[in-house]
Amino acid sequence: MIYNNVLEAVGNTPMIRLNRMTDEDSAEILVKFEALNVGGSVKTRTAWNMILDAEKQGKIQKDTIIVEPTSGNQGIGLALVGAVRGYHTVIIMPDSVSEERRKLVQNYGAEVKLVHDEGDIGECIQRCIRTALEMKEADSRVYVPQQFENMANYEAHLNMTGREIVEQVGGRIDGFCSGIGTGGTISGVGEALRKANPEITIWAIEPEHAAILSGGEVGSHLQMGIGDGVIPEILNQDIYDEVVIVTDEEALQTARDLARLEGLMCGISSGTNVAAAKSLAKKLGKGKTVVTILPDTAERYFSTPLFE
């Protein structure tokens, strides 16, 4: 098969069984390895779907400038889509995200604007959002996808990621867990999996220092892409059964274990998801199946403590 462009190759990433990180008394854990997706992360799915939806609705023209506040992967995805579709793209990011993320956005030809993170990621993200909306007010060509409230984000996971998981597993899925960034993944995939099995157990995961759903204080943390210190509009708070907290140390060690024990080179939030999946697998027990997502590749974390 020859694709007309790289966006036609988005999705259809593999489901992989963990072998050396589970024990005999726990459920099996299956992970969807998004490092092998176009653009190296799950966010290419949502970036592409949001722009495609905006094009269909006539919200985007040839001279449109795409501007988005993001803590990382969504910005990389939008920069990639902008490169293919010919849109100038501006990504507004906290300066606490990894240097690799900034460089990837720039290498796709997009512009990066950094906002200083003073120790409260939620407040910083809000300033990123305000900056994007101010740019929109100042220039009618600016389109802000607004990933935290754009239903095309959720729909990408319901109709694509979630559907793929159900088809690939082919059997009963007893548990699913996911970190919360925009809320699109847990809401869309969670709905698709609950339709397939209404009795599924779904856990939402928060970083220790941004556990807003758990009533905790919001600071800065290393689990980039989740725990942005806001409760997203598209988050379906009825889809999950429990909220669990994962520390930076747990996320880092689990991400390292995924590389060293399973050969899965993935980012810090992948460690977050698998740390929770291991707990869920232990709770559900032998004979059950737990699914989670490895959202991105480790290769955008060289400058972070993941590689220390």
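In every chain, residue numbers begin from 1 and rise along the written sequence. In keeping with the model being predicted, local features are shown solely for residues with a pLDDT of at least 70 and side-chain atom pairs are shown and tallied solely at 80 or more, while totals for entire chains, interfaces and linings include all residues. Calculated side-chain values reflect all of the structure's heavy atoms, with hydrogen atoms and water omitted.

A. Examining a nonpolar patch on the surface more closely. Surface patches are drawn from residues lacking salt bridges whose relative accessible area is over 30%; two like charges belong together within 9 Å, two nonpolar side chains (Val, Leu, Ile, Met, Phe, Trp, Tyr) within 5 Å. For every accessible area listed, the method is Shrake-Rupley and the probe measures 1.4 Å; residues are considered covered only by the protein chains on display. Any Lys or Arg side-chain nitrogen located within 4 Å of an Asp or Glu carboxyl oxygen qualifies as a salt bridge. A contiguous nonpolar patch, built from Met265, Phe302 and Phe307 and spanning about 300 Å² of accessible area, is present on the exposed surface. Each helix corresponds to a stretch of at least 4 residues labelled H or I by DSSP, and each strand to a stretch of at least 2 residues labelled E; elements are numbered beginning at the N terminus. Looking at the element boundaries, Phe307 is found in the segment after β10 (289-294). Per-residue accessibility, obtained with a 1.4 Å probe over protein chains only, is compared with the maximum for each type, and a residue is labelled buried under 20%, exposed over 50%, and partly exposed between these values. In this structure Phe307 comes out as partly exposed when scored by relative accessible area, which is 38%.

B. Seen up close, the pairing of strand β2 (residues 28-33). Most of β2 sits inside the fold, with five of its six residues counted as buried. At least two bridges found by DSSP between two strands are what make those strands a pair. Bridge analysis of strand β1 (residues 15-17) against β2 gives three bridges, and the strand direction is antiparallel. Bridged to Met15 within β2 is Lys32. Bridge count for β2 against β10 is six bridges, and the pairing is parallel. Note that in β10 the partner of Phe33 across the bridge is Leu294.

C. Just the packing of helix α1 (residues 43-56) against helix α2 (residues 73-85), in detail. Simply put, an axis is a line fit to the C-alpha atoms, just over the touching stretch for a helix, and the angle between two N-to-C directions goes from 0 to 180 degrees. Where α1 contacts α2, the axes come no closer than 8 Å and their chain directions differ by 50 degrees. In this view, α1 runs oblique relative to α2, as classed from their interaxial angle. Between α1 and α2 lies a crossing of right-handed hand. Of α2, the residues touching α1 (which contributes Lys43, Thr44, Thr46, Ala47, Trp48, Met50, Ile51 and Glu55) are Asn73, Gln74, Gly77, Leu78, Leu80, Val81 and Arg85. Roughly parallel here means an angle under 35 degrees, roughly antiparallel means over 145, roughly perpendicular means 65 to 115, and every remaining angle is called oblique. Should the near helix be turned counterclockwise from the far one by less than a right angle, the crossing is left-handed, whereas a clockwise turn marks it as right-handed. Whether two residues are in contact is decided by their heavy atoms: any pair within 4.5 Å suffices.

D. Examining the sheet that holds β10 more closely. If you trace the six strands from one edge of the open sheet to the other, you get β1-β2-β10-β7-β8-β9, paired in mixed fashion. The sheet terminates laterally at β1 and β9 (242-246), the two strands that pair on one side only. Averaged over all adjacent pairs, the angle separating strand axes in this sheet is 30 degrees, with direction ignored. Helix-sheet contacts for helix α7 (residues 248-262) involve β1, β9 and β10, and the interaxial angle to β9 is about 80 degrees.

E. Structural detail: α2. What a helix should span is 1.5 Å times the count of its residues minus one. Under the 1.5 Å per step criterion, the end-to-end length of α2 is 18 Å for 13 residues, consistent within 8% with the ideal 18 Å. Of all the 13 residues making up α2, 10 are buried; the element is thus mostly covered by neighbouring parts of the structure. Those residues of α2 that sit buried are Asn73, Gln74, Gly75, Ile76, Gly77, Leu78, Ala79, Leu80, Val81 and Gly82. Against the buried residues of α2 lie α1, β3 (65-69), β4 (88-94), α3 (99-107) and α5 (151-169). Gly86 sits one or two residues past α2 and shows a positive phi near 85 degrees.

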